[in-house]
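Here's the letter readout for the chains.
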Amino acid sequence: MTPEARRAATEELLREHGVRINSHLPMIEDGAQITLRTEEEVWGRLLALWGVVGAAMPPPIAFFKEYFSPLPRRTLLSADEATFLFDDSPSEEDLIRFSWRVEALMFLAWCAGLVDDPGLPGQASDAEPLVPYFPHDHGDAIKLREAISLRPKETILDKADLLYRLHWAVRDAQLNGREPPPGVDPGVVLEWHHAVNWMTRYG
């Protein structure tokens, strides 16, 4: 699909859902200009997100800190994630912030072919279907690695375009004191948009 056609399809979908459109937003890059993250990179990011999301859920669980203590696993975490995960007394703000990463986890799980199409980001995701893929002891996440099969680039770019335009609509509503677009959760939009930008190496 050309960038022009992708934008037109996204805008039509947004109109159907009553979402405000900015016709002046540029198109996202053509697929030929995009290199997606590899399956190995997605595996590592899913594992890291699983760790910080698990650590953010009450009550505090020492398992995640122990699981990521070995250096090869610890290097999967960003500096921010490692600081949080190994903090014995994380702030309430950080607990909330990292609990939201479940949305990035679920979006990347969709990119990895582990869950069905999430549709519009309208409500909090249920991560229960992902639980069987992750370790329940200190072993390596082999089952997760073997299950990953990335969706086609064009399919992921369709979501990238959608989330780019949805993020604008959410910010526009916030800046102008309006209600969020109907059927859309701004927090979910933000996490999914960050996740798809990582997936497409944007920025």
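Residues numbered from 1 in each chain as written. Predicted model: local features only at pLDDT ≥ 70, side-chain atom pairs only at ≥ 80, totals over all residues. Heavy atoms only, no water.

Novice: Help me get a handle on the packing of helix α1 (residues 3-16) against helix α9 (residues 153-175), residues and values and all.
Specialist: The contact between α1 and α9 brings their axes to 10 Å, and the two run at 55 degrees. Our classification of the angle between α1 and α9 gives oblique. In terms of crossing hand, the pair formed by α1 and α9 is right-handed. Between α1 and α9, the residues in contact are Arg6, Arg7, Thr10, Glu11, Leu13 and Leu14 and Glu154, Leu157, Asp158, Asp161, Leu162, Arg165 and Leu166, respectively. Broken down by class, the residue content of the contact of α1 with α9 amounts to five nonpolar, one polar and seven charged. (Axes fitted to C-alpha atoms, helices over the stretch in contact; angles between N-to-C directions. Helix = DSSP H or I, 4+ residues; strand = E, 2+ residues; numbered from the N terminus. Parallel < 35°, antiparallel > 145°, perpendicular 65-115°, else oblique. Left-handed = near helix turned anticlockwise from the far one by under 90°. Contact = heavy atoms within 4.5 Å. Nonpolar A, V, L, I, M, F, W, Y, C, P; charged D, E, K, R; others polar.)

Novice: Describe in detail helix α7 (residues 101-111), supporting the description with residues and values.
Specialist: Burial within α7 is extensive, with 11 of its 11 residues counted as buried. Within the sequence span of α7, burial applies to Arg101, Val102, Glu103, Ala104, Leu105, Met106, Phe107, Leu108, Ala109, Trp110 and Cys111. Against the buried residues of α7 lie α2 (39-56), α6 (92-99), α9 and α10 (186-199). Looking at the residues trailing α7, positive phi occurs at Gly113, about 80 degrees. (Buried < 20%, exposed > 50% of the residue type's maximum accessible area, 1.4 Å probe, protein only.)

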